[in-house]
Amino acid sequence: MSLIAEVAVSGTAYSFDMLFSYAVPDRLSGAACGCRVFVPFGRGNRRRTGVIMRLSEGSTARLKPIVSLIDAEPVISEELLKLAEHLHEQTFCTYFDAVRIMLPPGMSVSAKETFTLGSADADMSQLSPEAAELYAEMRSCSGREALNELISGLISCRGRRHIDELCDAGLLVSDSVFRQAVGDAAVRMVRLTDKYLSDPDSFDLTPKQKAVADLLAENGAAAVREAAYMCGVTSAVVKRLVANGAAEEYDMEVLRRVDDGSEERSDPADIVLSDEQQAAYREVFLAVESGKPAAFLLHGVTGSGKTSVFEKLIYDTVRLGRQAMLLIPEIGLTPQILRRFRSLFGERVAVIHSGLSLGQRLDEYKRIKRGDADIVIGTRSAVFAPLSNIGLVIMDEEGERSYRSDSSPRYDAHDAAKQRCAYHGAALLLASATPSIESYYLAERGAYRLLEMKKRYHSSPLPEVTIVDMNLERMEGNTTEFSRQLVAEVNANLERGEQSILLLNRRGYHTIISCCDCAQPVYCPNCSVPLTFHKKNNKLMCHYCGWSSDPVTVCPSCGSERLRSMGFGTQRLEEELAEHFPSARILRMDADTTFSRYSYEKNFAAFRAGEYDIMVGTQMIGKGLDFPNVTLVGVLSVDKALYAGDFRSYERTFSLITQVVGRGGRGERRGRAILQTFMPEHYIMNLAAEQDYKGFYREEIAIRRAMIFPPLCDMCIFCFSGTEEYAVRTGADATLALMSEKLRTLQPKTPVRVLGPVKCSYGRVNGKYRYRIIMKCKNNAEMRGFISEVLREAPAQRAMARVTLYADMNGDVGV
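Every value quoted in this text rests on a predicted model; they were computed, and no experiment measured them.

Enquirer: Now, about the pairing of strand S8 (residues 186-192): what can you tell me, with residues and values included?
Expert: Looking down a regular strand, the side chains alternate between one sheet face and the other. Summarising the sheet, S8 and strand S10 (residues 247-253) pair through 7 bridges and their orientation is antiparallel. Looking at S10, one finds that leucine 192 is bridged to alanine 247. By the bridge criterion, 2 bridges tie S8 to strand S9 (residues 222-223) in an arrangement that is antiparallel. Directly across from methionine 189, in S9, lies its bridge partner alanine 223.

Rendered as structure tokens:
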């Protein structure tokens with residue numbers, strides 16, 4: 001019996017994806033589950049990267065052999081391989097996509113295959129005539145470069161069949177060289193050789209070389225440049241010492257550190273908790289100590305001190321010899337959190353998020369895998385950190401949409417965290433002032449244990465919120481975006497030296513350019529989305545595909561020159577604030593001002609240090625930030641968000657208002673908040689002003705129960721896209737017919753409702769038309785099997801020839 005590897009292969013489509021079986025040659029005895037391999041794939045035996053998922057014994061008579069082993073030891077643990085199989089089943093992605101997400105992008109490899117002629121004495125009697133003719137042509141090549149150029153052209157035109165035949169016969173030898181996307185950072189070191197150390201007198205060294213040798217004898221080793229500097233010589237002297245055999249050079253790995261500007265070290269043992277905090281801490285830590293999986297939902301008002309509970313829990317979890325993970329929703333929150341945790345725990349903290357360079361992410365991965373870090377902080381992808389003994393996973397602001405992936409694999413970090421906690425016997429703590437409706441529903445039903453913190457730390461009061469009716473402002477002649485009360489409050493803050501935050505969840509200067517004659521906005525040529533004017537670069541820009549152009553003077557629809565600019569974005573807000581408050585120092589935070597990797601940290605640190613009086617921005621300033629001198633928060637306009645065409649629009653709007661209002665009054669002085677709206681009677685506005693989450697939950701769950709939306713059901717969205725609208729619509733109709741036929745045959749045990757197909761809210765994005773089918777169902781094995789069958793069979797239909805299809809169990813219907 002021989003060894004068989006079941007491999008997740010790159011470049012497959014879901015419709016034919018599976019674990020492919022390969023024979024493991026005797027020369028690759030180090031092959032293990034979790035190792036990456038180079039395999040032949042398809043009729044042309046083209047080389048592809050794969051990951052060994054399983055190993056077994058059996059007959060390999062009809063199996064292709066693995067070509068090369070990329071990793072000497074597994075790069076993915078047994079636990080993460082199981083999680084990858086779970087993602088494959090739950091998110092309908094390929095196996096390789098599921099394992100790819102477990103590794104940092106810098107670990108991706110490319111392979112270069114080179115060939116040399118083998119033994120001329122090899123048996124040629126079994127060769128096909130084509131292979132024999134090809135071998136004769138190869139022997140006539142002038143050199144190795146010409147040989148490889150010939151073979152490369154043959155593989156591109158005819159495939160690998162005859163090339164592999166020659167390799168199997170020993171007439172051609174293949175060698176693969178793998179190159180990682182990001183190499184290891186290293187410094188060139190020098191040390192004395194054993195020969196010199198045992199008999200230094202046998203070496204005839206110059207005085208300068210002797211000085212370097214003495215330095216190395218005293219210190220053991222040094223960087224080449226360091227040794228030259230300390231001895232006052234050039235690096236050429238060190239090189240000659242190496243050439244004489246007295247010393248040798250080697251590379252020492254240097255990890256690329258993530259700078260955090262850490263404050264002075266603090267002792268986590270000094271953390272003091274209030275009674276509410278202590279009660280929440282005790283419940284969770286008892287579960288950590290028990291070593292049994294448990295899930296908690298911590299609902300605490302803004303400013304209640306949830307972070308202090310996290311710190312105490314992580315400190316005591318690590319003291320037990322276990323590891324901890326803290327997930328946060330926004331990259332912008334990372335510097336503040338990392339600085340705080342590094343001051344408490346030092347270099348035991350690793351950080352993972354997409355804002356790091358590829359090299360930094362790779363090195364943080366190494367630190368975690370080696371056990372140098374036992375606390376991981378990061379955004380959604382950090383849930384796959386290679387920790388081996390997890391005791392605690394915390395998800396801060398757990399209701400945020402950013403915890404769900406929009407690209408394959410379309411996973412939810414909640415689900416991945418639950419799987420990891422179940423495997424390790426760890427505690428999962430979900431925390432927020434505005435939990436998702438789904439999480440609070442599960443807490444009510446007992447799936448999560450509900451913990452509450454109803455008071456702010458030090459018993460400071462919640463901000464006093466005033467709702468301003470902008471209809472009255474307009475009736476009384478105020479046509480600006482600032483109510484008179486907001487202007488008065490900002491002036492008062494400026495006089496007292498206190499800071500203000502203003503939220504406007506729209507980027508740009510004008511949000512729409514409209515024609516006065518045909519009433520059509522100026523659309524992006526690639527999307528069914530109006531263009532936004534950005535004054536900073538004097539461009540019309542699409543926020544979906546990135547297309548930009550100079551400002552137009554003629555309507556593209558009717559040719560009229562009567563165009564009108566409407567709407568109000570953060571750029572215009574910044575400009576008008578400067579006119580209203582000429583002495584104020586204003587910081588704008590939106591996607592246009594945070595291109596740089598360090599811009600979040602730099603700008604937030606400057607605001608915290610008092611270098612700015614007013615911060616204006618989009619939703620990125622609304623959650624998780626702690627500025628003690630902020631006493632005023634203004635919400636300029638969120639009315640439009642209530643009607644975003646998505647059943648979660650009320651939830652998102654309530655959460656955004658509640659969270660941004662909670663940024664105020666976190667120091668010694670009570671905060672105030674001004675909520676400007678044209679709908680002052682709307683219950684969402686009033687509940688958010690009162691910070692009444694439970695009242696909002698009762699209203700929202702009643703609506704979802706009546707309309708049958710999550711969490712009362714699960715929902716799968718089948719998404720169709722293509723460059724021709726008719727083809728996309730036809731493909732969606734054909735898939736609906738296939739679904740109907742299969743459902744009649746299946747007769748599922750739980751109710752199923754299918755809606756559509758309909759055009760997406762933005763029917764065209766980046767040149768592709770988009771339709772969707774919404775299926776309300778129960779996420780169980782029966783329905784996942786049904787969805788998988790549809791995804792595998794639908795692409796084979798003629799109507800789907802030019803259409804891309806995927807299914808998303810965590811998608812939003814309003815996108």
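Enquirer: An account of helix H22 (residues 693-707) is requested, with residue identities and associated values reported.
Expert: With 15 residues, H22 ought to run about 21 Å at 1.5 Å a step, and its terminal C-alpha atoms sit 21 Å apart, in line with that. Those residues of H22 that fall on the buried side of the exposure criterion are Tyr693, Gly695, Phe696, Tyr697, Glu700, Ile701 and Arg704. Looking at the packing, one finds that the buried side of H22 touches strand S11 (294-300), helix H15 (437-444), helix H20 (649-661) and helix H21 (683-689).

Enquirer: With reference to specific residues and values, describe the pattern of salt bridges.
Expert: Tallying each qualifying case throughout the model produces 51 salt bridges. The shortest N-O distance in the salt bridge between glutamate 249 and lysine 239 comes to 3.0 Å. Remark: lysine 239 occurs in helix H9 (residues 235-243) and glutamate 249 occurs in strand S10; sequence separation between them is 10 residues. The partly exposed category is assigned to lysine 239, whose relative accessible area is 41%. Its salt-bridge partner being glutamate 473, residue arginine 484 comes within 3.2 Å of it at the nearest N-O pair. Linking arginine 484 in helix H17 (residues 484-496) with glutamate 473 in helix H16 (residues 470-475), this pair joins segments that are 11 residues apart in sequence. A relative accessible area of 45% means that arginine 484 is categorised as partly exposed. By sharing partners, the salt bridges in this structure join Glu438, Arg648, Glu651, Glu700 and Arg704 into a single network.

Enquirer: Account for the sheet that holds strand S32 (residues 804-808), naming residues and giving values.
Expert: What links the strands of a sheet is backbone hydrogen bonding, and the strands pair in either a parallel or an antiparallel sense. One open sheet accounts for 4 strands, arranged S30-S31-S29-S32; its pairing is antiparallel. Both outer strands of the open sheet, strand S30 (753-765) and S32, are each paired with one neighbouring strand and no more. Pairs of neighbouring strands in the sheet enclose a mean axial angle of 20°, with direction left out of account. Contacts from helix H23 (residues 725-746) reach strand S29 (714-722), S30 and strand S31 (768-777), with the element oriented near 20° to S31.

Enquirer: I'd like a rundown of the nonpolar core, residues and numbers included.
Expert: Within soluble globular proteins, side chains that are nonpolar generally end up buried alongside one another. Counting residues in each nonpolar core, the largest one holds 127 residues, and the members touching the most others are Met53, Ile76, Ile314, Leu326, Leu392, Ile501 and Met615. Discounting chain neighbours no more than four positions away, the residues touching leucine 392 are Val284, Val288, Leu313, Ile314, Thr317, Gln323, Ala324, Met325, Ala426 and Ala427. Listed in part, the 26 residues of the second largest apolar core include Phe720, Met783, Met800 and Leu805.

Enquirer: I'd like to hear about the pairing of strand S1 (residues 2-9), residue by residue, with values.
Expert: Most of S1 is tucked away, with 6 of its 8 residues classed as buried. Bridging between S1 and strand S4 (residues 46-58) involves 8 bridges; their strand directions are antiparallel. Opposite valine 9, over in S4, you have glycine 50 as the bridge partner. Note that S1 and strand S2 (residues 20-23) share 4 bridges and pair antiparallel. Bridged to isoleucine 4 within S2 is alanine 23.

Enquirer: Before we move on, could you go through the packing of aromatic side chains and cite the residues and values that matter?
Expert: Each aromatic ring pair is described using two quantities: the centre-to-centre distance and the angle formed by the ring planes. According to the stated counting rule, one finds 17 aromatic pairs in the structure shown. Both rings, one in tyrosine 440 and one in tyrosine 693, keep their centres 5.2 Å apart while their planes meet at 65°; by these two values the pair is edge-to-face. Placement of the pair is tyrosine 440 in helix H15 and tyrosine 693 in helix H22, with a sequence separation of 253 residues. Residue classification places tyrosine 440 among the buried positions, given a relative accessible area of 4%. The class of tyrosine 693 is buried, set by a relative accessible area of 3%. Arranged with centres 6.4 Å apart and planes meeting at 25°, the rings of tyrosine 693 and tyrosine 697 form a pair that is stacked.

Enquirer: Describe unusual backbone geometry, with residues and values.
Expert: Omega for the peptide link from serine 408 to proline 409 comes to -5°, which places this bond in the cis form. When you line up the elements, proline 409 lands in the loop between strand S15 (390-396) and helix H14 (413-424). Between glycine 756 and the following residue, proline 757, the backbone shows a cis peptide bond with an omega angle of 10°. Locating proline 757 in the fold gives a position in strand S30.

How each quantity is defined
- Residues numbered from 1 in each chain as written.
- Predicted model: local features only at pLDDT ≥ 70, side-chain atom pairs only at ≥ 80, totals over all residues.
- Heavy atoms only, no water.
- Pairing = 2+ DSSP bridges.
- Helix = DSSP H or I, 4+ residues; strand = E, 2+ residues; numbered from the N terminus.
- Expected span 1.5 Å × (residues − 1).
- Buried < 20%, exposed > 50% of the residue type's maximum accessible area, 1.4 Å probe, protein only.
- Contact = heavy atoms within 4.5 Å.
- Salt bridge = Lys/Arg side-chain N within 4 Å of Asp/Glu carboxyl O.
- Axes fitted to C-alpha atoms, helices over the stretch in contact; angles between N-to-C directions.
- Core = buried A, V, L, I, M, F, W, Y, C linked by side-chain atoms within 4.5 Å.
- Phe/Tyr/Trp six-rings, centres within 6.5 Å; stacked < 30°, edge-to-face > 60°.

Just distances and angles here, no functional claims.
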